[in-house]
Amino acid sequence: MIRGHIPCTWDQQKIKTLDYTPYGYTPGCRVNLTDPADLDRYIVSFSLVRDLDFDDYPWINENFTWLKNKHFQINLFKPGEVGPLHTDVYPYYTSLYQCEDSDLFRVIVFLEDWKNGHYFELENTGITNYAAGDWVGWDLLNTPHLVANLGTENRYTLQLTGVRTDV
Amino acid sequence: MSNFKVMQGHIPLSWDLNFIESLGWKKFNYDTDLHNARWQGDSDQYSKIIPDVKFSVVYDIFEDYPKEFEFVNKHFQWLNNKHLVLFKFSPGESSGLHTDRYAYYSNKYGIQNDHDIFRIIVFLGEWKSGHYLEVNGKGFTNWSAGDWVGWDLPTPHLAANLGTEERYTLQITGTLF
């Protein structure tokens, strides 16, 4: 896991007005580490926006020059929505670029300041009380993490996937 | 965040988690227990956040302080009228953001001023993935068994088990000497 901070140069109000689509969890894109019997206890869902233009988000390329073949989306977790403990794979990406999941790196940028009940956990470390622009990155394969919005306000993050060029 | 009094500390591990697990747990009862809490936001909003308040408790079995809980008197001598409740959050169980009302406690001990009341949560087991406590806008994770967090009334807080293993805590309510 690596962590960092980039200047918050985006329009937070604009992020909130994007056309989010409910996603759910697609089989084959994640490996749940939670007992299936327990999954019924959660509202396992979130919403996202894909097919965004890098030209509208120049700060991504400006700040993450050490990632190539970048794909990004913006995720919205509404109050009560949870992504229980899991690891990710990205078959669409690995097929497109003819690479392996073990080549991939993922970054989450927190687009707003932390709010009550917003919880992120990565590699057995709880991450809370962050500021807008803080980011966390990890090797995509075999890195367990979970997300939850136990609060009363929406949670917005940028999800960035690419291949590191600095290692 | 408001200027509530939040304290942290650690006491040596002196209890048997197997004993605690073997106690007579019962589900938190909406009808009789919910009046003890004041949820943040309106009730409609709350019902969207957490469909059910789910966790288990052991009430009122420590009136005589069995030897397994002698550590409470030893380590929290600065609290009077100590009242103990055990909590178990199973995977997926949460309490939403709320403040406590202390109605039962105040009545039982004849407390005139609720602002004299202090509440402590002792983590009875090591932190495990998905175990979470938030007090007055600060998240607590990665604790050790014996760590504790305390706050005065009416500090907002929430607890959750987003993981795969049970989360056990001891709640101590008392009045500050």
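Since we're looking at a predicted model, the values are computed, not measured.

Each value, and the rule that gives it
- Chains are numbered independently. Their residues run from 1 in the order of the written sequence.
- To label them, take the chains in the order written and letter them from A, then take the ligands in the order written and number them from 1.
- With the structure being a predicted model, the display of local features is reserved for residues of pLDDT at least 70 and the display and counting of side-chain atom pairs for 80 or more, all residues being used for whole-chain, interface and lining totals.
- Secondary structure elements follow DSSP: runs of H or I no shorter than four residues count as helices, runs of E no shorter than two count as strands, and numbering proceeds from the N terminus.
- In this description the radius of gyration comes from C-alpha coordinates, and the expected globular size is given by 2.2 Å times residues to the power 0.38.
- Residues with at least 20 other C-beta atoms within 10 Å of their own are called buried, those with 12 or fewer are called exposed, and the rest are partly exposed. The C-beta atoms themselves are positioned from the backbone.
- Should DSSP find at least two bridges between two strands, the strands are regarded as paired.
- One nonpolar core equals one set of buried Ala, Val, Leu, Ile, Met, Phe, Trp, Tyr and Cys residues connected by C-beta atoms within 7 Å.
- By definition, residue pairs are in contact when their C-beta atoms, positioned from the backbone, come within 7 Å.
- Classification convention: Asp, Glu, Lys, Arg as charged; Ala, Val, Leu, Ile, Met, Phe, Trp, Tyr, Cys, Pro as nonpolar; all other residues, Gly among them, as polar.
- Every residue is assigned a pLDDT by the predictor, reflecting its confidence on a scale from 0 to 100.

Colleague: Explanation requested: the overall build of chain A in the structure shown.
Modeller: Counting its regular elements, chain A contains four helices and 13 strands. A compact globule built from 167 residues should have a C-alpha radius of gyration of about 15 Å, and chain A, at 15 Å, falls within 12% of that. In terms of principal-axis extent, the alpha carbons of chain A reach across some 40 × 35 × 30 Å. Out of the 167 residues belonging to chain A, those deemed buried represent 32%.

Colleague: Mind showing me how you'd approach the overall build of chain B here?
Modeller: Each helix and strand in chain B was counted, giving five helices and 12 strands. Put simply, chain B has 177 residues, and 36% of those count as buried.

Colleague: Help me understand the pairing of strand β11 (residues 157–161) of chain B in this model?
Modeller: Taken residue by residue, a regular strand's side chains alternate between the two faces of the sheet. All names here are of chain B. Counting buried residues in β11 gives five out of five residues, a clear majority hidden from the surface. Where burial is concerned, the two faces of β11 agree: the one with His-157, Ala-159 and Asn-161 and the one with Leu-158 and Ala-160 are both buried. The pairing of strand β6 (residues 94–100) with β11 spans three bridges and is antiparallel. Bridging across to β11, Ser-95 finds its partner in Ala-159. Alignment of strand β8 (residues 131–135) against β11, held across five bridges, turns out to be antiparallel. In the strand pairing of β11, Tyr-132 is matched with Ala-160.

Colleague: Whenever I open this one, the nonpolar core confuses me. Can you help?
Modeller: In this structure, Ala-148 and Leu-160 of chain A together with Val-122, Leu-133, Ala-160, Leu-162 and Ile-172 of chain B are the most contacted members of the largest nonpolar core, which totals 63 residues. In contact with Ala-160 of chain B, other than residues within four places in its own chain, are Ala-148 and Leu-150 of chain A together with Phe-89, Ser-94 and Tyr-132 of chain B.

Colleague: How should the interface of chain B and chain A be read in this particular structure?
Modeller: Reports often express the size of an interface as the amount of accessible area lost when the parts come together. Between chain B and chain A, the contact holds 26 residues from the first and 24 residues from the second. Broken down by secondary-structure element, the contributors of at least two residues to the side of chain B that touches chain A are α3 (43–49), β6, β8, β9 (138–140) and β11 of chain B. Class assignment of the residues belonging to the side of chain B that touches chain A gives a composition of eight nonpolar, 14 polar and four charged.

Colleague: Honestly, the sheet that holds strand β5 (residues 47–49) of chain A in this entry has me stumped. Any pointers?
Modeller: An order of β1-β11-β8-β13-β6-β5-β2 (chain A) is seen for the seven strands of this open sheet, with the pairing classed as antiparallel. One side of each edge strand has no neighbouring strand; the edge strands of this open sheet are β1 (2–5) and β2 (21–22) of chain A.

Colleague: Got a minute to help me understand the confidence of the model for chain B in this structure?
Modeller: Residues and elements named next belong to chain B. Of the residues in chain B, 77% reach a pLDDT of 70 or more, and the chain-wide mean stands at 80. The low-confidence segment residues 30–36, where pLDDT is below 50, has eight contacts with residues more than four positions distant or belonging to other chains. Under a pLDDT of 50 for its full length, residues 39–53 has, in the predicted model, 23 contacts with residues more than four places off or in other chains. Among the scores for the predicted complex, ipTM is 0.87 and pTM is 0.87.

Colleague: What is the right way to read the environment of Phe-110 of chain A from this model?
Modeller: Residues and elements named next belong to chain A. Here Phe-110 is to be found in strand β8 (residues 104–110). In this structure, the C-alpha to C-alpha distance between Phe-110 and Thr-9, residues 101 residues apart in sequence, is 12 Å. Excluding residues within four positions of it along the chain, Phe-110 makes contact with Tyr-130, Ala-132, Asp-134, Trp-135 and Thr-157.

Colleague: Would you mind showing me how to read the environment of Asp-88 of chain A here?
Modeller: Along the polypeptide, Asp-88 of chain A turns up in strand β7 (residues 81–88). Along the backbone, Asp-88 of chain A and His-145 of chain A are 57 residues apart, and their C-alpha atoms lie at a distance of 9.0 Å.

Colleague: Could you clarify how one ought to interpret unusual backbone geometry in this entry?
Modeller: The general pattern is negative phi for most residues beyond glycine and trans for most peptide bonds. All names here are of chain A. In the Ramachandran plot, Asp-51 falls in the positive-phi region, its phi being about 55° despite a non-glycine side chain. You can see Asp-51 is positioned in the loop between β5 and α3 (58–63). In this structure, Glu-123 is a non-glycine residue whose phi angle is positive, near 50°. Residue placement: Glu-123 occurs in the loop between β9 (118–122) and β10 (125–127).

Colleague: Quick question: what am I supposed to make of the environment of Val-72 of chain B here?
Modeller: Residues and elements named next belong to chain B. Along the chain, Val-72 turns up in helix α4 (residues 70–75). Along the backbone, Val-72 and Val-122 are 50 residues apart, and their C-alpha atoms lie at a distance of 9.8 Å. With residues up to four places along the chain from it excluded, the contact list for Val-72 reads Lys-82, Leu-84 and Ile-172.

Colleague: Would you mind showing me how to read the pairing of strand β13 (residues 155–164) of chain A here?
Modeller: Residues and elements named next belong to chain A. Where strand β6 (residues 67–77) meets β13, nine bridges bridge the pair, whose relative direction is antiparallel. Paired with Leu-67 across the strands is Arg-164, a residue of β13. In this structure, β8 lies alongside β13, joined through seven bridges in antiparallel fashion. Its bridge partner lying in β13, Phe-105 is registered against Gly-162.

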